[in-house]
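So you can see what is in the structure, the chains are spelled out below.
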Amino acid sequence: MLTVSQLRAARAMTGMTVEELAAASGLSKSAIEEAEASHVFANAGVTDRLRSIFESKGVLFLGAGEDDAGAGPGLRLRQQFHDEESAPRTSTPQTTTKNRCSAGTL
């Protein structure tokens, strides 16, 4: 079961705005805002739609105790990279005089 905290965390982790999530899910902006502000989801259809969007973005939802017997519900991102900014570096950048910074200088 998706929790409201997981919804907010998933949106933060994916960097989606309310507007982007509304457009991707077909839900209104106010429906997204209400879902994030509530304590419990009243509509399973909304929950399923949002879960599907976030899972397509690489979010894995974890139930309470799923990863650790004492842990509550949570989420993590799959290791996938769609653009250069999120891809890991394959080589160490070379340090030059221009990009070297010593303590106390900015």
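Conventions adopted
Residues numbered from 1 in each chain as written. Predicted model: local features only at pLDDT ≥ 70, side-chain atom pairs only at ≥ 80, totals over all residues. Heavy atoms only, no water. Helix = DSSP H or I, 4+ residues; strand = E, 2+ residues; numbered from the N terminus. Buried < 20%, exposed > 50% of the residue type's maximum accessible area, 1.4 Å probe, protein only. Contact = heavy atoms within 4.5 Å. Areas by Shrake-Rupley, 256 points an atom, 1.4 Å probe, with all protein chains shown as cover. Expected span 1.5 Å × (residues − 1). Arc of directions from axis to C-beta. pLDDT = per-residue confidence, 0-100. Salt bridge = Lys/Arg side-chain N within 4 Å of Asp/Glu carboxyl O.

This part is about the overall build of the chain. Of the regular secondary structure elements, the chain holds four helices and two strands. In the chain, the order of α-helices and β-strands from amino to carboxyl end is α-α-α-α-β-β. Looking at the chain as a whole, 25% of its 106 residues qualify as buried. Excluding contacts between residues fewer than 6 apart, the proportion of contacts in the chain whose partners are at least 24 apart in sequence is 48%. Of the roughly 7,700 Å² that the chain leaves accessible, carbon and sulfur atoms contribute 50%.

What follows covers helix α4 (residues 44–56). For α4, built from 13 residues, the straight-helix expectation of 18 Å at 1.5 Å per residue is met to within 8% by its first-to-last C-alpha distance of 18 Å. Within α4, burial applies to V46, T47, L50, I53 and F54. The buried residues of α4 occupy an angular sector of 130 degrees when projected down its axis, which confines them to one face. Turned more than 90 degrees away from the buried face of α4, the exposed residues are A44, D48 and S56. Close packing links the buried residues of α4 with α1 (4–14), α2 (18–25), α3 (29–37) and β1 (59–62). Immediately downstream of α4, the backbone of G58 shows phi near 95 degrees, a positive value.

For the chain, mean pLDDT is 76; residues scoring 70 or higher make up 71% of the total. Of all the helices and strands in the chain, strand β2 (residues 74–77) carries the lowest mean pLDDT, 81, while α2 carries the highest, 95. Segment residues 86–106: pLDDT under 50, and five contacts once partners within four positions in sequence are set aside and those in other chains are kept.

Residues that lie three or four places apart on an α-helix share one face, since the helix turns once every 3.6 residues. Considered for burial, the residues of α1 that qualify are V4, Q6, L7, A10 and R11. Looking straight down α1, one finds that the buried residues subtend no more than 160 degrees of arc, so they occupy a single side. The inward-facing, buried residues of α1 abut α2, α3, α4, β1 and β2. Where α1 terminates, the next one or two residues include G15, which has phi positive at roughly 75 degrees.

This next bit is on the pattern of salt bridges. The tally for this structure, following the rule as stated, stands at three salt bridges. Notably, a salt bridge pairs K29 with E19, separated by 3.2 Å at the nearest N-O pair. Highlighted residues: K29 in helix α3 and E19 in helix α2, separated in sequence by ten residues. On the accessibility criterion, K29 (38% relative accessible area) is partly exposed. Take E19: its relative accessible area is 46%, and that puts it in the partly exposed class. Between R51 and E55 there is a salt bridge, with the nearest N and O atoms lying 3.3 Å from each other. Of the two residues, R51 and E55 are both situated in helix α4; the distance of four residues between them amounts to about one turn of the helix. For R51, a relative accessible area of 23% corresponds to the partly exposed category.

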